[in-house]
Structure formats: C-alpha cells, structure tokens
Amino acid sequence: MRRSTLRRTGAAVAAVTSLALALTACGGTTKSDVKKESGGAAAPAGEADPDAPTKKGLTVGFLPKQVNNPYFTTADKGGQKAVEALGSTFKEVGPTSATDTAGQVSYVNTLTQQQVDAIAVSAQDPGALCTALKQAMKNGIKVVTYDSDTTPGCRNVFISQAGAEDLGRTQIQLLAEQIGFKGEIAILSAAQTATNQNLWIDYMKDELKDPKYKDVKLVKVAYGNDDAQQSFQQTQGLLQEYPKLAGIVSPTTVGIKAAAQYLSGSKYKGKVKLSGLGTPNDLRKYVKNGTVEAFELWDPAKLGALAGHASVALASGQISGEEGQTFEAGDLGTYTIGKDGVVSLGKPTVFDQDNIDDFAF
C-alpha cells in the first residue's frame, strides 16, 4: 500500500483543529483488540429506546490513564465539550502515573460512590478494573471505555480510535517503504502491559510475514513506558546495540517524539528512518528538518468527544451497547455499535511534508 493511498483513506478522519497543547502520549486498545484479548460480549445493559430524549443534568466522569498528560488532556477536553453541549456535567479524575492501576481502581470506586451517571475510562490494564467497573454497572452507572479497553464484560461500549489491524499493518507499511523494504528494524513501544501496543505489535509481526518483507528483519521490541526520558534512552540503546539499524517504528506519541529528538541531534538523522504514531504539533519540526518522513494518528479530541456522546446516549437509554444500535454524535455524525460493543472512530491519517501544515493538534 503506497503512502498516497493511506493518506486518501484516512484523510476524512482528522479535520483541522486548533488545539494549543501538543499531544505527547497515546495508548489504548482498538477495534479487534477486544476479540483478540479476551473474547466475550459487552456487558448486558437492558432495553434501549433510540427515540428516548437526551437526558439533561447527567454527570459523566472521565478517567484517563493519566491526568495532566497532554494526549489525554486533549481527548478529555473533546469529551468535556460534547458532554456540556448535551446539557450535562463533565468531571475528570485520575492518577498522575500511567502505570498506577491501583489508582485507577480507586478512582472508579470513588466515582461509583459519588453516583455519577456514566464513567468513561481509558484502562491501564484489560482486567484489573473489572471488579470495580462491574460494581459500578450494578449501581446503574453506564461504563464506556475509550482509547484502551477492558475485557468486554466490564463495560457497555468501547470507543476505538481505529482498527488494531489497520494501525499495526500500516505502521510497518510506512516504515518499510521508507527503508526500501530492506534492513533491520526495531519497535519502540510504551509499557509491556499496554493492550493497544501489544495488539498493534502482533499485527506488525504478522504483516512482516508477507514475502515482500523478506529482507526486513525485526531485531528488537524495546519499551519506553510512555516516558520521554526512558524512550530517549531506549532509542540511544537500540542504535548502540544495532549499529546497522535501518528504521524504528514507535506506536506511541511519547516514544516517537523522544526518538525523533534523539535522531535529530545525532549522526543517524536522515539515515535511520522513524515512523509510528505521532501528532503534527509534536513532529512538525522533525518532518521539516528531515528526521521523520511520514507517520500517522487519529484526532484524540474527536475520540474523547465520541466517548462523551456515547456516555450520554447510554445514560439516556438511547443505546444499551448491543451490536447494530446507532446513536448521534453531534458534528461527528451517526455511529453504529459493532460486535462486542465496539464503536470505531475511523481510519488513521498519514502526515508528511505535503500535508502536515494542514493540521494543528
């Protein structure tokens, strides 16, 4: 698949926005992750009336993997805008560490005690939150996961940023094209337990089985734990360990930015190719100075907004999470719930020298 084709298929997903924050982290599960991780169906949520009026005065709690993380700040601002436009109250709580699973559980319990109407959570671990989330649902609270999923029975709906297979395969396709389908490559991931990263990497490895990649060798998967300094050091370590490395793919915006920072100031600039998931604001200067040729991502503000609309629709009784149900999501349009309660935002967009100035997030 050529880059121009990828760009065309993804161009409709991300519109021009004017967000002041540069996004520096991403992590999550995606469509198809649910099936591969655990199977099963979304939690039963009773009957739904698509013609039910949208309730006002609801309280929707957003629980990201990590507060004060620019990626989730932007996503949650999208959720806040959607929730408040629908006449309800938005609140954000969460841990300051992206690996504090016990902290996430505590916040779910707190939101349950506060009797919010819906919880939108980006799960740090697919199973660790399940007991707390099931208790929330027993108390009548609707549960939406966004960006990173739990096992299906622990929530009503999962808002997926894109299909896991699309994201995994296209990242390899982008990098392979840049290195001429020849040479050693490495993956710079986030945490070893991140459901999104692991599923994408599975599809990356499967993509590499295609005969067209016979001269491409994956030599290592490194982990930077969505920490800028660790990711920077991991990039340095990869190049020391594999001096013939041709390219790095980093499926995390923290990782790809840190890798770009290292490469930009090193002798490897322009020689070792870098691709993965990043944001235009983070990587614009690296695209323009020749460090990065092309990368991809979705619009996180739209992801948060879709989670907000789904939360209110669930709490209003318009949907229950069953396959085939539809709901309105404001300017985003109408969405249909797929298998296992998954709702997909859409295809990723490819950014490069030709279009990066058209985007401001």
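Everything here concerns the structure above.
Since the structure is predicted, the reported quantities are computational estimates derived from the model, not experimental observations. (Residues numbered from 1 in each chain as written. Predicted model: local features only at pLDDT ≥ 70, side-chain atom pairs only at ≥ 80, totals over all residues. Heavy atoms only, no water.)

Right, let's get into the overall build of the protein chain. The secondary structure content of the protein chain amounts to 11 helices and 14 strands. Excluding contacts between residues fewer than 6 apart, the proportion of contacts in the protein chain whose partners are at least 24 apart in sequence is 76%. Per element, the accessible surface of the protein chain, about 13900 Å² overall, is 46% carbon and sulfur. (Helix = DSSP H or I, 4+ residues; strand = E, 2+ residues; numbered from the N terminus. Contact = heavy atoms within 4.5 Å. Areas by Shrake-Rupley, 256 points an atom, 1.4 Å probe, with all protein chains shown as cover.)

Quick look at the packing of aromatic side chains now. Considering all chains together, one arrives at 12 aromatic pairs under this definition. Summarising the aromatic geometry, the rings of Trp200 and Trp298 are spaced 6.2 Å apart at their centres and angled 55° between planes, so their arrangement reads as tilted. Linking Trp200 in helix 7 (residues 195-207) with Trp298 in the loop between strand 10 (294-297) and helix 11 (300-315), this pair joins segments that are 98 residues apart in sequence. Considering the side-chain rings of Phe351 and Phe359, the 4.9 Å spacing of their centres and the 85° angle between planes classify their relative orientation as edge-to-face. For Phe351, a relative accessible area of 0% gives the class buried. These aromatic residues form a ring-pair network of at least three members: Tyr71, Phe72, Trp200 and Trp298. (Phe/Tyr/Trp six-rings, centres within 6.5 Å; stacked < 30°, edge-to-face > 60°. Buried < 20%, exposed > 50% of the residue type's maximum accessible area, 1.4 Å probe, protein only.)

Looking now at the sheet that holds strand 6 (residues 183-189). The sheet built from 4 strands is open, its strands ordered 7-6-8-9 with parallel pairing. Each of the sheet's edge strands pairs with one partner strand only, and the pair in question is strand 7 (216-223) and strand 9 (273-276). Taken pair by pair, the neighbouring strands of this sheet meet at an average axis angle of 25°, ignoring direction. Relative to strand 7, strand 6 runs parallel, the two sharing 7 bridges. (Pairing = 2+ DSSP bridges. Axes fitted to C-alpha atoms, helices over the stretch in contact; angles between N-to-C directions.)

As a rule of thumb, soluble globular proteins bury nonpolar side chains together. Residues Ile159, Trp298 and Phe327 are the most contacted members of the largest nonpolar core, which totals 78 residues. For this core, the leading source of residues is helix 11, giving 8 residues. Ile159 has contacts with Val144, Thr145, Tyr146, Asp147, Leu303, Leu306, Ala307, Ala310 and Val343, leaving out every residue within four places of it along the chain. Membership of the second largest hydrophobic core comes to 16 residues, among which are Val108, Val121, Leu129 and Ala136. (Core = buried A, V, L, I, M, F, W, Y, C linked by side-chain atoms within 4.5 Å.)

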